[in-house]
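The residues making up each chain are set out below.
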Amino acid sequence: MPIHAAVNSLYPFTKSYIYFVSLNAQLSAADFDKGLALAWLSPDEAAKVARYKSPSARNNALQVRLALRAILSRHSAVNPAQWQFTYGEKGKPALSQEWFAKTGLYFNLSHSGQWLMIGVITGTKCNLSTNFQGLDELFVGVDIERERSSTDIVPILHHYFTQAETDALLQLPIELQRQRFFDLWAVKESYIKARGLGLALSLKSFSVDFSATVLSNATLKLPDNSSKMIPMFEPVKLSFSDANDPAATDVTWQTLMGRLNEGYRFSMTLGIPRRVCNSTDLQSGSISNTLTCVQLELGDLLNNK
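So, how was this worked out
- Residues numbered from 1 in each chain as written.
- Predicted model: local features only at pLDDT ≥ 70, side-chain atom pairs only at ≥ 80, totals over all residues.
- Heavy atoms only, no water.
- Pairing = 2+ DSSP bridges.
- Helix = DSSP H or I, 4+ residues; strand = E, 2+ residues; numbered from the N terminus.
- Axes fitted to C-alpha atoms, helices over the stretch in contact; angles between N-to-C directions.
- Contact = heavy atoms within 4.5 Å.
- Core = buried A, V, L, I, M, F, W, Y, C linked by side-chain atoms within 4.5 Å.
- Buried < 20%, exposed > 50% of the residue type's maximum accessible area, 1.4 Å probe, protein only.
- Phe/Tyr/Trp six-rings, centres within 6.5 Å; stacked < 30°, edge-to-face > 60°.
- Lys NZ or Arg CZ within 6 Å of the ring centre and 35° of its normal.
- Salt bridge = Lys/Arg side-chain N within 4 Å of Asp/Glu carboxyl O.

Turning our attention to the sheet that holds strand β6 (residues 139-146). Strand order in the open sheet formed by 9 strands is β4-β5-β1-β13-β8-β9-β11-β12-β6, with mixed pairing between adjacent strands. Of all the strands in the sheet, just β4 (106-112) and β6 have a single pairing partner and so form its edges. This sheet shows a mean twist of 25° between the axes of neighbouring strands, independent of strand direction. Bridging between strand β11 (residues 251-261) and strand β12 (residues 264-273) involves 10 bridges; their strand directions are antiparallel. Bridged to Thr252 within β12 is Ile272. On the sheet, helix α4 (residues 55-73) packs against β1 (15-22), β4, β5 (115-122) and β13 (291-296) and is oriented at approximately 30° with respect to β5. Packed on one face of the sheet, helix α8 (residues 174-195) meets β4, β6, β11 and β12 and runs near 150° to β6.

Next up on the list: the environment of Ser202. Within the secondary structure, Ser202 sits in the loop between α8 and β7 (206-209). Through-space distance from the C-alpha of Ser202 to that of Phe161 is 9.5 Å; in sequence the pair is 41 residues apart.

Formed by 60 residues in total, the largest nonpolar core has its most connected members in Phe20, Leu95, Phe266 and Met268. Looking at this core element by element, the count peaks at 9 residues for α4. Core analysis: the next-biggest nonpolar cluster, separate from the first, contains 26 residues, Leu157, Leu169, Tyr191 and Phe233 among them.

Now for the packing of aromatic side chains. Enumeration according to the criterion identifies 14 aromatic pairs in this entry. Ring geometry for Tyr17 versus Tyr19: centroids 6.1 Å apart, planes at 10°, classification stacked. Here Tyr17 and Tyr19 have matching classes, each one buried. Just above the ring of Phe210 sits the side chain of Arg180; from NZ or CZ to the centre is 4.3 Å. When the ring centre of Phe161 is taken as reference, the NZ or CZ atom of Lys188 above it lies at 5.7 Å.

Quick look at the pattern of salt bridges now. For the structure on display, the rule yields 7 salt bridges. For the salt bridge of Lys102 with Glu98, the shortest nitrogen-to-oxygen distance reads 3.0 Å. Taken together, the positions of Lys102 and Glu98, both in helix α5 (residues 97-103) and 4 residues apart, correspond to about one turn of that helix. Linking Asp183 and Arg265 is a salt bridge whose minimum nitrogen-to-oxygen distance equals 2.9 Å. One end of the pair, Asp183, is in helix α8; the other, Arg265, is in strand β12, with 82 residues separating them in the sequence. There is no split in this pair, since Asp183 and Arg265 are both buried. The network of salt bridges with shared partners includes Glu147, Arg180, Asp183, Arg259 and Arg265.

A few words now on the environment of Leu197. Position of Leu197 among the secondary structure elements: in the loop between α8 and β7. Once the C-alpha coordinates of Leu197 and Lys92 are considered, the two residues, 105 residues apart in sequence, prove to be 8.0 Å apart. In contact with Leu197, other than residues within four places in its own chain, are Lys90 and Ile192.

Structural data, given as C-alpha cells:
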C-alpha cells in the first residue's frame, strides 16, 4: 500500500517533493542587490545574510532564503515575503505556528557545493499532540552531499560510524568505498536533521543498512520542462543501538537515497508516529509513491512570484 494511502485518513499528507536549485556563489553585486530589493527576507534574515564575511557564503545565504520562500509559495497562495519561521533548539527551521496552521507544510533544506535541496511535505493540516519530546508530529529531513576526493574517510568512518556500517563498507571493492561513505553520510544527515537535534544526537546511536536496497529510477523534471531519470535507492533501513529509544519504538521511519549526478547524492527521511497510522501498512509502502523531483533555476523562481 502506498504510504499516502495508509495515512490519508488519520495523517492526511498528500504529496512529497524534492527540489534542486543551482546556487551561484559568484553572484554579481548587482544581482545580490536585486535579490535583497525583492524585500522577501525579514529584517532578521537580511541581517544574518549581511554578517557573512565571505562573498560566496553571503551570496549562497541570500539565494537559499529566496529559493525557500519561492518554493513554499508554489504550494500555497502565500506571498514569499509573508512566510514566518521558527527555529528549534538546534536551529532546525519550521513554519511559524500561524503559517503551519494555514498551510500544513513541512519542509527541510540542505546545500552543498553548487546545489540547494529543499524537501516539502504537503497537506498535513492536523494538530496531533505527541509524547515524543522535542519532535513535531511529522519528521522530515533532507541532505545533499558533494563527493570529495580529498576527504580522508578512514578516521571519520571509525569515529562517527557504527561497527556494522564500517564492516559493510570495508567489504566493498576499494573503488566503491568512497561512494558508500558519502551515501552513508547523506542518509545519516537526513535522519539527524529530521530529528532536529544536530550533533547532540550521536551518529553511532543508529545504523544505516543498504543490504536490502533496490536500485530504481526516479523522474527529475528539468527547468526546460524536459525530464531525465536519476538513480534512486530504497528502502534504506535504519536500526537503533538502543531498542528502547522512542525513535525506534514510537516512530516509523522511511529513507530513500538518490544520485542527482556523478558528484552529488541526496537523501530524504520521513518519520510518522506509529500511533497515528498503521505501521505495517506504512512499512510496505514507500516515500517514492508520493514523490516528485524537480530541478529549478533560481531566476525562474524569482520571476514567477
